[in-house]
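Analysis of the macromolecular model
Spelled out, the chains give:
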Amino acid sequence: MFPDRGSNSSKLFDRALNVMPGGNSRHTVYFPPYPIYAARGEGAWVTDVDGVKRLDFINNYSSLIHGHCHPEVTAAIARQAGLLTAISLPTEAEIELAEIICARMPSVDQIRFANSGTEGVMMAIKTARAYTGRRIIAKIEGAYHGSDDTAAVSTYPHPGRFSPPESGIGIPEPGSAPGSAADVLVLQMNDVEGTRSLLRAHGTELAAVLVDPLVKNLAYQPASIEFLTMLREETKALGALLIFDEVYSLRLGFGGAQELLGIKADITAMGKIIGGGLPVGAVGGSAEIMSAVYDQREGKARVSHGGTYNANPLTMAAGVAAMRLFDRPAFERLNRLGDRLRDGLTAVVEATGADAMVRGAASIAGLFHARGGGQTYRELAKVRMDNPDMSRKAELFFHHMLNNGVLMGGPGFFILSTAHTEADVDHVIEQAGRALELIKAGKA
Ligand SMILES: Cc1ncc(COP(=O)(O)O)c(C=O)c1O
């Protein structure tokens, strides 16, 4: 049973605390009182260092589209590991992965690879600034785009520091350059008219609007089609660019969320699933934008883009294998599993009368312990204030799932992989129903 202070995981955490602040290098892997340490993964399953097996419904926050150690991905990595892992020459695997992604994504003619989604977003921002010669990046309050200073503005602003929404003023994240918010315009999610006026007021200096079509941090709030259409029209009219952050959302459509939504971005930041589970990031866009910014022949590249591990052959080989496997039938089957999970979770919320809501799309689902929702960061902050027991319920729910064979994202996230079966999904639904009943009865 978790937590167990005598467990191997607990002992490892104590050891880790001696040598790493907070005991790790990635704050999202921590949960109180100590995180479970993984020993191995196999398909949909992960086994921890105490020998407990659970269904993995986090899938490394989406990067493991085929679960753990898919035989074809593993074989591609092993083959490549015996040939070359890193080298200061290009390899054919980089072209292959670029061809696969460019063929799938209508707005991406050309792409460049990096090693994380953070870098993909950073390169997207630099591309927009270099191409337009302008400075301002507009982003949605509360949307997480990685750790780049510009992208991180107002990701987790404290409600006590909110500026009036019509000011667009953002707050640098702690540790960012103090001036990083000066070139950022902060927008409220799905506020069509407020955003339109803000963009117009800053039109001549606006380089780009950066948007994630399904914001995890906003309890999987989708950007409305009206909002995205307005962003597309306004950026075009103002001579600015539209950046889609598809690091997370790429799995929503076969050609990314933008294919599903019918909106063509100018620049797309990518990561996660395109690396087959290995570290990856990318920036892509039209040939006109990409070659104007990055083509280094005749010494004319506007943005310098190096990186010792960019397009390393190991990641490229894993990415090629994973993306080939993620064909239309696999994509459609996975989305059906996602529908089954969301429908099942909705049914148990209704059956138990729990104060909870189910959100998500395609192969992503979220169960959050308050009703009513809220679209913007500010509305969700109010929902949290009005429901002070939300985080306690989320923790009880998470512990119940953990102790009944399901590893999920603490705040309520479930992310599927092609390794999951209908039975796996049904197990989650059943345990979610039990957890909600126990919470309601005060017995969890
Ligand atoms: C929407 C979005 N953008 C960017 C990132 C950053 O990607 P990475 O963690 O690979 O740096 C993430 C990571 O979760 C993300 O969800």
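Rules used in this analysis
Residues numbered from 1 in each chain as written. Predicted model: local features only at pLDDT ≥ 70, side-chain atom pairs only at ≥ 80, totals over all residues. Heavy atoms only, no water. Near = heavy atom within 4 Å. Polar contact = N/O pair within 3.5 Å; in protein donor to acceptor, adjacent residues only side chain to side chain. Areas by Shrake-Rupley, 256 points an atom, 1.4 Å probe, with all protein chains shown as cover. Pairing = 2+ DSSP bridges. Helix = DSSP H or I, 4+ residues; strand = E, 2+ residues; numbered from the N terminus. Axes fitted to C-alpha atoms, helices over the stretch in contact; angles between N-to-C directions. Contact = heavy atoms within 4.5 Å. Phe/Tyr/Trp six-rings, centres within 6.5 Å; stacked < 30°, edge-to-face > 60°. Lys NZ or Arg CZ within 6 Å of the ring centre and 35° of its normal. Buried < 20%, exposed > 50% of the residue type's maximum accessible area, 1.4 Å probe, protein only. Salt bridge = Lys/Arg side-chain N within 4 Å of Asp/Glu carboxyl O. Left-handed = near helix turned anticlockwise from the far one by under 90°. Nonpolar A, V, L, I, M, F, W, Y, C, P; charged D, E, K, R; others polar. Domains from an automatic or database assignment. Buried area = accessible area lost by both parts, 1.4 Å probe.

The immediate surroundings of the ligand are formed by Ser 116, Gly 117, Thr 118, Tyr 144, His 145, Gly 146, Asp 212, Asp 245, Val 247, Tyr 248 and Lys 272. Thr 118 places a side-chain nitrogen or oxygen 2.8 Å from an oxygen atom of the ligand. Between the ligand and Asp 245, the relevant distance is 2.7 Å, taken from a nitrogen atom to a side-chain nitrogen or oxygen of the residue. Its free accessible area being 390 Å², the ligand has 83% of it covered by the protein chains.

So, about the sheet that holds strand 14 (residues 364–368). With antiparallel pairing, the three strands of this open sheet are ordered in space as 13-14-16. Each end of this open sheet is capped by a strand with a single partner; those strands are strand 13 (357–359) and strand 16 (413–415). When the angles between neighbouring strand axes are averaged without regard to direction, this sheet yields 15°. Examined bridge by bridge, strand 14 and strand 16 share three bridges and lie antiparallel to one another. Across the sheet, residue Ala 365 finds its bridge partner in strand 16, namely Phe 414. Strands strand 13, strand 14 and strand 16 of the sheet are contacted by helix 10 (residues 328–352), whose axis makes an angle of about 15° with strand 14.

Let's shift gears to the side chain of His 369. Structurally, His 369 can be placed in the loop between strand 14 and helix 11 (377–386). Residues within four places of His 369 in sequence aside, it is in contact with Asp 355, Ala 356, Met 390, Lys 393, Ala 394, Phe 397, Leu 436 and Ile 439.

The next point concerns the packing of aromatic side chains. Aromatic ring pairs are reported here in terms of the distance separating the ring centres and the angle at which the planes meet. Per the stated rule, a full pass over the model turns up 13 aromatic pairs. Through a chain of ring-to-ring contacts, the aromatic side chains of Tyr 61, Tyr 220, Tyr 248, Phe 368 and Phe 413 assemble into a single cluster. Residue placement shows Lys 216 over the ring face of Tyr 61; its charged tip is 5.0 Å from the ring centre. A cation over an aromatic ring shows up here: Arg 378 above the ring of Phe 162, its NZ or CZ 4.3 Å from the ring centre.

As a further point, take the environment of Leu 241. Mapping Leu 241 onto the fold places it in strand 10 (residues 241–245). Leu 241 sits in the buried class, given a relative accessible area of 6%. Between the C-alpha atom of Leu 241 and that of Leu 210, which follows or precedes it by 31 residues, the distance is 8.7 Å. Discounting chain neighbours no more than four positions away, the residues touching Leu 241 are Ala 128, Tyr 131, Thr 132, Ala 207, Ala 208, Val 209, Thr 235, Asp 266, Ile 267 and Ile 289.

Here we take up the environment of Leu 337. Topologically, Leu 337 is positioned in helix 10. Apart from the residues lying within four places of it in its own chain, the contact partners of Leu 337 are Leu 416, His 420, Thr 421, Glu 422 and Val 425.

Moving on: the pattern of salt bridges. Counted according to the given criterion, the structure contains 18 salt bridges. The salt bridge involving Arg 340 is made with Glu 422; its shortest N-O contact spans 3.4 Å. With Arg 340 in helix 10 and Glu 422 in helix 13 (residues 422–440), this pair connects stretches of sequence that are 82 residues apart. Put simply, Glu 193, Arg 196, Arg 200 and Glu 234 are held in one network by salt bridges that share partners.

The next subject is the sheet that holds strand 2 (residues 45–48). Paired through their backbone hydrogen bonds, the strands of a sheet run either parallel or antiparallel. Overall, mixed pairing links the four strands, which are arranged 1-2-3-15 in an open sheet. Strands at the two margins of the open sheet, each flanked by one partner only, are strand 1 (38–42) and strand 15 (406–407). Note: strand 2 against strand 3 (residues 53–56), three bridges, orientation antiparallel. Directly across from Thr 47, in strand 3, lies its bridge partner Lys 53.

The next thing to look at is the pairing of strand 6 (residues 184–187). With burial as the criterion, each face of strand 6 is covered, one bearing Val 184 and Val 186 and the other bearing Leu 185 and Leu 187. Note: strand 5 (residues 136–140) against strand 6, four bridges, orientation parallel. Bridge pairing in strand 6 links Ala 138 to Leu 185.

This part takes up the packing of helix 3 (residues 92–104) against helix 9 (residues 313–325). In contact at an axis separation of 8 Å, helix 3 and helix 9 are set at 35° when each is read in the N-to-C sense. The chirality of how helix 3 crosses helix 9 is left-handed. Only Met 316, Ala 317, Gly 319, Val 320, Met 323 and Arg 324 of helix 9 make contact with helix 3, whose side of the interface consists of Ala 93, Glu 94, Glu 96, Leu 97, Ile 100 and Arg 104. Of the residues belonging to the contact of helix 3 with helix 9, the class tally is seven nonpolar, one polar and four charged.

You'll often see interface size given as the accessible area lost when the parts meet. Considered domain by domain, the protein chain is made up of domain 1 (36–65 + 327–440) and domain 2 (71–325). Computed over C-alpha atoms, the centres of domain 1 and domain 2 are 26 Å apart. Across the boundary between the two partners, domain 1 contributes 32 residues, which contact 31 residues of domain 2. Interface area for domain 1 against domain 2, summed over the two sides, is near 2,700 Å², with a carbon-plus-sulfur share of 60%. At the junction of domain 1 and domain 2, the tally comes to two salt bridges. With its nearest N and O atoms 3.6 Å apart, the salt bridge here joins Arg 328 to Glu 259. Counting the contacts that link domain 1 with domain 2 gives 13 residue pairs in polar contact (both at pLDDT 80 or more). Elements represented by at least two residues in the side of domain 1 that touches domain 2 include exactly helix 10, strand 13, strand 14, helix 11 and strand 16. When residues of the side of domain 1 that touches domain 2 are assigned to their parent elements, the largest contribution, five residues, is made by helix 10. Residues of the side of domain 1 that touches domain 2, tallied by class, amount to 18 nonpolar, ten polar and four charged.

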